[in-house]
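Here are the chains, one letter per residue:
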Amino acid sequence: MEKHTIYIFFLAFLIITLQSFGTSYFIFCVAVTFVLLTCYWIRFKLVELLPGVILSIFLLVLFKLITPIENPQKVVWITENWNDEKIALLSNGSKVPIEEAKIGDIVDETGRVIKRGNTLIYFFPNVRYKLYKKLKESISFPISEVAGGITLGIRREIPDSVKSYFLLSGLYPFLAISGLHISIVIGAIALILKFLRIKKPLTKASLIALFFMPFTGLPTSAIRAYLFTLFISLGIENYRKFSPFYLLGIILFISAIGKSLSTGAVLSFLAVTGIIVALEFTESKIIKSLLVAIAPVLFTAPVVLSKFGTFNLLSFVNSQIAGIIFVPFLITTFLSEITFFKINFINNLVEITGSFFLQFSKELFLLTKNFIFYSKLSLWISGIALGIMFLFLLSKKSKLSFIPPVTLLFYAFFLPTEINNKTFLLKGYKMNSFQFISKEGQSFRNCLIYSDYVFPYAKKCLYKNKIFDKRVIIATKPKEVRK
């Protein structure tokens with residue numbers, strides 16, 4: 001790595017280490033920070049780090065002081081049930097029925113408005129809410145919920161059945177606004193600008209996309225993805241040579257200053273790192289394209305196996321296939337929203353592309369379900385694998401960084417975590433939940449599972465077990481039930 005790249009990564013990991021104090025992964029952050037410090041010390045002057053360290057700590061303290069404390073009774077979202085009942089989701093995670101409250105309002109436990117939110121501050125959140133309502137009125141269920149997730153950042157209303165198929169087929173990242181989504185929209189705008197012969201189309205497209213960012217809800221993932229895409233656009237069109245790793249370090253530093261990195265943020269940074277490493281290969285375009293497809297899956301594998309446990313070995317193939325349909329679905333959804341759903345032709349295209357996209361996620365799961373395994377690795381095993389990958393990147397042997405995750409996947413695939421030939425009685429809410437199906441449920445093999453209600457998608461996703469819905473069991477003899 002170049003001097004400035006090591007510099008920015010050291011500052012970023014210094015902040016991450018301070019933010020992670022007291023967590024289970026604190027020791028790993030300390031180790032990475034120490035390695036970066038030592039590497040800089042050996043090659044350059046250590047005193048050069050001092051101004052950056054002082055500035056970083058100052059910014060960290062400043063952000064802590066100026067970050068407002070969230071009121072636990074503030075309305076952050078509103079869900080409307082089939083009977084027109086409105087349920088408000090509060091910032092403390094609780095839900096209360098409401099009548100006239102808006103996003104940003106403070107309500108009591110009965111849903112009565114105590115204090116109105118600032119009209120200017122919550123203008124975009126309330127417009128976003130109205131846009132989502134219009135989306136649900138114009139596009140059929142569940143396509144509308146998925147469309148709202150990939151453009152407006154509203155994933156909480158996506159059905160568990162859809163999320164289960166997407167996660168098990170390895171397509172779950174499509175449901176969260178990320179660099180993929182931002183780059184597709186910016187790329188589409190850039191193509192139009194290029195057709196109009198406007199200079200520096202990528203940079204101008206990035207600036208145009210900025211006006212639409214508030215409608216995403218401004219989650220950290222969207223802001224992070226936009227900044228990285230903007231910097232890449234500026235680098236491509238304004239400089240002959242720039243370092244993607246350095247830009248990634250800047251985004252990592254900005255993200256770490258704001259607040260502690262979430263699991264999603266870590267996965268995002270690892271995926272981008274994998275893509276950058278894959279692009280540095282000098283082999284044929286075919287090999288490079290294949291590595292670009294596989295790299296995000298491999299680089300995120302240690303964290304996925306440690307945090308979630310469930311993995312689809314063919315997820316990189318599924319992503320490439322589904323991506324062909326996802327692009328038109330995302331673009332048509334975006335066009336429908338900016339035309340306020342007034343053009344039926346575009347709305348119909350959203351229906352068609354969305355229907356294909358959802359169906360493909362299910363079919364890809366069915367085709368690759370035998371390559372799904374559950375192996376919950378310890379934090380230490382995953383941490384060591386990531387550490388070795390990091391050392392390879394620092395030693396300018398980036399190609400070797402693919403070895404640890406490949407080894408880890410072979411180990412996890414052939415030594416999965418399994419629960420065999422057991423009998424369970426589960427509540428319906430757990431049996432059919434996305435959390436159970438996508439994690440713990442994938443460890444069950446040849447088990448007998450009884451539940452007070454079972455949805456069809458749960459049976460399909462847990463197909464290696466015998467699942468019985470107690471509502472439909474009609475038998476005169478206990479032996480018949482056992483069969």
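Residues numbered from 1 in each chain as written. Predicted model: local features only at pLDDT ≥ 70, side-chain atom pairs only at ≥ 80, totals over all residues. Heavy atoms only, no water.

*Asks:* I would appreciate a short explanation of the state of the cysteines in the present structure.
*Replies:* Simply put, the disulfide is a covalent bond whose two ends are the sulfur atoms of two cysteines. Applying the stated criterion to the full structure yields 0 disulfides. Free of any disulfide, Cys39 has its nearest cysteine sulfur in Cys29, 18 Å distant. The buried category is assigned to Cys39, whose relative accessible area is 16%. Free cysteine Cys447: the closest other cysteine sulfur is in Cys461, separated by 16 Å. Cys447 sits in the buried class, given a relative accessible area of 2%. (Disulfide = S-S within 2.5 Å. Buried < 20%, exposed > 50% of the residue type's maximum accessible area, 1.4 Å probe, protein only.)

*Asks:* Got a minute to help me understand the pairing of strand E12 (residues 466–469) in this structure?
*Replies:* The alternating pattern of E12 places Ile467 and Asp469 on a buried face and Lys466 and Phe468 on a face that is not buried. In terms of strand pairing, strand E11 (residues 448–451) meets E12 through 4 bridges, oriented parallel. Considered in E12, the bridge of Leu448 is made with Lys466. Once the chain exits E11 it traverses helix H19 (residues 456–461) before rejoining the sheet at E12, and the crossover so formed is right-handed. (Helix = DSSP H or I, 4+ residues; strand = E, 2+ residues; numbered from the N terminus. Pairing = 2+ DSSP bridges. Right-handed = clockwise from strand over helix to strand, strands pointing away.)

*Asks:* Just checking my understanding: could you explain the pairing of strand E2 (residues 86–90) for this structure?
*Replies:* Strand residues, when the strand is regular, have side chains that alternate between the two faces of the sheet. Of all 5 residues that make up E2, 4 are buried, and the element is covered over most of its length. Across 5 bridges, the pairing between strand E1 (residues 75–80) and E2 is antiparallel. Across the sheet, Trp77 pairs through a bridge with Leu89, a residue of E2. In textbook terms, the turn of a hairpin is the stretch between consecutive antiparallel strands, and for E1 and E2 this stretch comprises 5 residues, one of which, Asp84, has a positive phi near 65°. Two elements, E2 and strand E3 (residues 95–98), share 4 bridges in a ladder whose sense is antiparallel. Bridge assignment links Lys86 to a residue of E3, and that residue is Ile98.

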